[in-house]
Amino acid sequence: MLGEFRADLFDGELAAAGIGSGHHAFAVKLPNEVLDGRPHLIRIVDRSSGTALARDVEEIFFPPHLHGQLDSFENATLRGWAFDEQAPGRSSLLDIEVDDAHVATVPCNQPRPDLGRFLQDDGRHGFRFPLPASLFDGRPHRIAVRFANTDRHLVGSPLEVRLPEELLTTRRRRLDRLVADRQAALEEAQEALAREPANRLNDPEAYRAWLGHHEHAIGQALAAVVNGETGGQTGGQTVRVVHLPGPHSPGQDAVLADFVAAVAEGAADAVVFLESHARLHPAFLPLVQAALTGDDAGIVYTDEDSGPPESGRGQPHFKPDWDADRYCAFPYVGFACAIGRDCLTRAVASVGRPETRFGLPPGPFDARAWAAAVVDTALLLADPGRIRHLPFVLYHRNAAVPDRPERGMPERAGRIQAHLDRIGAQAEARMDSGGRVRVHWRLPAEPPPVTIVIPTRDRVDLLKPCVESIVAKTTYPRYDIVIIDNDSRDPATLAYLQSVARQPGIWVRRWPMPFNYAAMHNAVIGELAAPYVALLNNDIEVIGPEWLEEMMGHALRPEIGAVGAKLLYPDGTIQHGGVLVGQHGAADAAQRAFGDDEDGYFQSAAVVQSVSAVTAACMVVRRTDYLRAGGMDAENFSIAFNDVDLCLKLRQLGLRILWTPHARLYHHESATRQTSRSPDALAHEQREVAHLRLKWQTDSFSDPFYSPNLTRGIQTHVDFNWNYGSVVVGNHE
């Protein structure tokens with residue numbers, strides 16, 4: 001007799017069936033002596049009646065030749081392998097426990113070619129298990145992995161993990177809910193969840209580990225400067241470091257006067273403002289001096305970080321290259337910059353001495369606010385071609401000091417407005433609720449007409465909500481719609497197209513040919529009369545009524561070649577936040593780790609910004625620029641990357657590509673993209689990727705609007721670039 005136990009555990013099915021309180025279940029842990037590799041018969045009997053349970057005989061057999069190991073814990077996902085030496089063709093089952101509670105039974109059925117060669121079978125003995133989001137609570141948890149129904153641990157089990165909530169991305173939460181709530185999609189969701197990276201940018205330990213790679217790159221850049229390999233030279237320009245005095249108090253007039261004189265009247269070729277308790281990396285001055293020498297550079301800025309004194313460096317701020325639109329919204333350069341004397345003189349003259357009070361808050365003179373105004377004005381007055389970015393973390397702030405209070409000052413909106421007025425921009429600057437500056441570009445009294453082009457093949461369930469949302473919500477006064485019917489056969493779709501074509505301002509253009517996204521757009525856009533075209537997928541749905549006003553406000557700017565929008569999955573996470581060229585060696589959408597209401601990495605998901613490309617799922621472009629660029633490449637990019645190629649061609653013409661988060665639309669992308677594609681479709685995609693790499697060198701493309709210090713992985717803005725190579729000192733444009 002092994003012992004007695006009570007059947008008093010709660011069973012939800014019994015309770016739902018009305019059988020007492022539901023506390024009639026039991027669980028018994030078998031002792032080790034029966035787990036000896038031999039078969040045993042177990043009989044369970046009710047003590048009061050002597051009646052055996054219906055399943056009165058169970059065979060417990062624990063094979064002694066079980067082998068398994070935990071290999072890694074990357075991206076909060078357990079990975080490893082297990083197999084039964086006596087039954088290598090059968091997938092082993094593993095029980096996973098968290099804090100002594102069973103959470104899952106996982107099969108070992110993932111491919112492991114190394115084990116396949118060893119066992120001479122198909123090698124499906126691997127496993128992976130993404131830990132649930134509920135464990136990201138900052139507390140220690142004990143994870144145990146055992147062979148099912150045994151006490152036999154895998155090698156490496158148990159282990160203790162501690163996962164701070166800050167490592168979670170919005171997308172990871174969404175995928176975790178998908179795993180929990182939609183069992184029918186379990187395999188697909190776990191596949192995506194296992195690849196979803198943790199937000200390692202918020203992990204101080206990961207940052208300190210990555211700094212080893214980064215310091216090596218800084219050393220290489222410094223050696224190149226010393227050896228004269230970059231064309232610059234140390235010591236060519238004198239750079240003075242001016243310390244920012246603290247808040248004004250009685251008796252400080254002399255200190256403040258000396259500070260202003262040091263900035264405005266100093267003899268140095270360039271000036272750096274150093275915040276209280278901040279420090280410069282030893283390589284800051286020589287690298288900045290080299291960048292300022294012999295290249296007509298007027299301003300050089302670097303990346304920065306901050307951290308509490310007791311724990312060292314943290315919170316890295318990796319910056320893009322110069323982008324005036326992004327900077328107007330959010331002064332991402334900060335004080336980590338050296339301003340050349342000519343740029344500094346113009347800025348001081350424009351801002352004025354402290355006594356003029358221009359662009360400064362009322363009250364006692366604030367040296368920090370004045371310096372922020374000087375930096376703002378110097379950057380905005382400078383020729384963009386004279387602004388250089390060094391993507392090295394060379395400015396170290398103290399996290400105990402408040403982070404740039406001038407960022408949220410109403411006076412900054414006034415400075416941005418003064419800049420807009422100076423360049424003759426038809427735009428208004430105002431502070432938004434997040435402390436950023438929102439620049440609203442005004443439309444003329446008679447806005448130009450826009451033709452919205454929507455391709456479709458059948459799928460009236462997508463097309464109808466798309467068209468109806470445009471008609472019901474769009475407030476832009478002059479637009480029409482052209483639907484490209486790519487050989488629809490579905491009777492419901494044909495009936496809808498026939499009915500919608502009778503509505504004023506909606507046209508149906510037949511395209512009864514094999515699918516070629518680029519060719520159909522080229523043909524239709526060539527026939528249009530409207531000066532502007534809005535490309536829209538049939539699985540897009542309008543959210544806010546001013547989406548087209550927002551996009552057209554930017555598209556009317558002569559320097560802008562194309563404008564993209566913020567596209568959301570139906571659950572509110574970002575599907576498109578601009579396109580990062582070079583991601584995965586090709587190109588892909590950015591910002592997908594964040595939700596609609598999140599600011600992103602240093603406001604990356606919340607402000608208007610330059611990007612290398614935007615998706616044609618929602619793109620506004622000037623028709624003449626589209627044609628001047630040669631339209632989309634129908635021969636080499638008939639299905640994918642035609643929009644990326646078009647944007648890169650527009651950039652070659654000297655035009656900028658812009659993404660705005662203030663035009664928000666839903667993109668039901670999963671409804672139109674097959675998760676499992678045919679071999680022919682995959683081969684076609686691979687050919688297009690190969691051509692994109694051949695034409696634009698995307699496997700080594702350095703996107704100027706995305707830091708080389710950030711990952712090029714499945715998600716952007718959540719991890720470090722661990723494959724750190726050489727970094728060019730200078731402008732990436």
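A quick note: this is a predicted structure, and the numbers were derived from the prediction, not measured. (Residues numbered from 1 in each chain as written. Predicted model: local features only at pLDDT ≥ 70, side-chain atom pairs only at ≥ 80, totals over all residues. Heavy atoms only, no water.)

Asker: What is the right way to read the sheet that holds strand β12 (residues 159–162) from this model?
Answerer: Sheets are built from strands paired through backbone hydrogen bonds, the pairs being either parallel or antiparallel. Here we have four strands laid out as an open sheet, ordered β8-β7-β11-β12, and antiparallel in their pairing. At either margin of the open sheet sits one strand with a lone partner, and together these are β8 (101–107) and β12. Within the sheet, the average angular offset between the axes of one strand and its neighbour, ignoring direction, is 30°. When strand β11 (residues 140–147) meets β12, the two strands line up antiparallel, connected through four bridges. Residue pairing across strands places histidine 141 opposite valine 161, the latter belonging to β12. (Pairing = 2+ DSSP bridges. Helix = DSSP H or I, 4+ residues; strand = E, 2+ residues; numbered from the N terminus. Axes fitted to C-alpha atoms, helices over the stretch in contact; angles between N-to-C directions.)

Asker: Help me understand the side chain of aspartate 643 in this model?
Answerer: Counting through the fold element by element, aspartate 643 comes out in helix α17 (residues 642–652). According to the relative accessible area criterion, aspartate 643 is buried, its value standing at 12%. Residue contacts for aspartate 643: discarding those within four places in its chain leaves Val614, Thr615, Ala616 and Met619. (Buried < 20%, exposed > 50% of the residue type's maximum accessible area, 1.4 Å probe, protein only. Contact = heavy atoms within 4.5 Å.)

Asker: Would you explain the state of the cysteines in this entry?
Answerer: Working definition: the covalent bond between the sulfur atoms of two cysteines is a disulfide. Under the criterion given, the structure shown has zero disulfides. The structure places no disulfide on cysteine 466, whose sulfur is separated from the nearest cysteine sulfur, that of cysteine 618, by 9.5 Å. (Disulfide = S-S within 2.5 Å.)

Asker: Honestly, the confidence of the model for the chain in this entry has me stumped. Any pointers?
Answerer: Parts of the prediction with low pLDDT should not have their coordinates interpreted in detail. For the chain, per-residue confidence averages 88 on the pLDDT scale, and 86% of positions sit at 70 or higher. In the predicted structure, residues 671–675 sits below a pLDDT of 50 and forms six contacts with residues beyond four places in sequence or in another chain. Taken together, the stretch residues 728–733 has pLDDT below 50 and engages in 21 contacts with residues farther than four places along the chain or on a different chain. (pLDDT = per-residue confidence, 0-100.)

Asker: What's the story with the sheet that holds strand β10 (residues 124–130) in this structure? I'm lost.
Answerer: In spatial order, the strands read β5-β6-β10-β9; together these four strands make up an open sheet with antiparallel pairing. In this open sheet, the two strands that pair with only one neighbour each are β5 (66–72) and β9 (110–111). Where β5 meets strand β6 (residues 77–84), six bridges bridge the pair, whose relative direction is antiparallel. From the neighbouring strand, serine 72 faces β6, where its bridge partner is arginine 79.

Asker: I would appreciate a short explanation of the pairing of strand β23 (residues 506–510) in the present structure.
Answerer: In regular strands, side chains alternate between the two faces of the sheet. Across five bridges, the pairing between strand β22 (residues 479–485) and β23 is parallel. Note that in β23 the partner of valine 482 across the bridge is tryptophan 507.

Asker: In this structure, what is going on with a nonpolar patch on the surface? I would like to understand it.
Answerer: Among the surface-exposed residues, Phe5, Phe26 and Leu53 lie close enough to one another that they form a single nonpolar patch of about 250 Å² accessible area. Here phenylalanine 26 is to be found in the loop between β2 (23–25) and β3 (40–42). (Patch = residues over 30% accessible without salt bridge, like charges linked within 9 Å, V, L, I, M, F, W, Y side chains within 5 Å. Areas by Shrake-Rupley, 256 points an atom, 1.4 Å probe, with all protein chains shown as cover. Salt bridge = Lys/Arg side-chain N within 4 Å of Asp/Glu carboxyl O.)

Asker: Just to check I follow, could you spell out the packing of helix α12 (residues 460–473) against helix α13 (residues 491–500) for this structure?
Answerer: Any two packed helices are characterised by how steeply their axes cross, that is the angle between the axes, and by the distance between the axes. Packing of α12 against α13 brings their axes to within 9 Å, and their N-to-C directions diverge by 25°. Accordingly, the angle class assigned to the pair α12 and α13 is roughly parallel. Contact with α12, carried on its side by Val460, Leu463, Lys464 and Val467, involves Ala492, Thr493, Tyr496, Leu497 and Val500 of α13 and no other residues of that element. Counted by class, the contact of α12 with α13 contains seven nonpolar, one polar and one charged residues. (Parallel < 35°, antiparallel > 145°, perpendicular 65-115°, else oblique. Nonpolar A, V, L, I, M, F, W, Y, C, P; charged D, E, K, R; others polar.)

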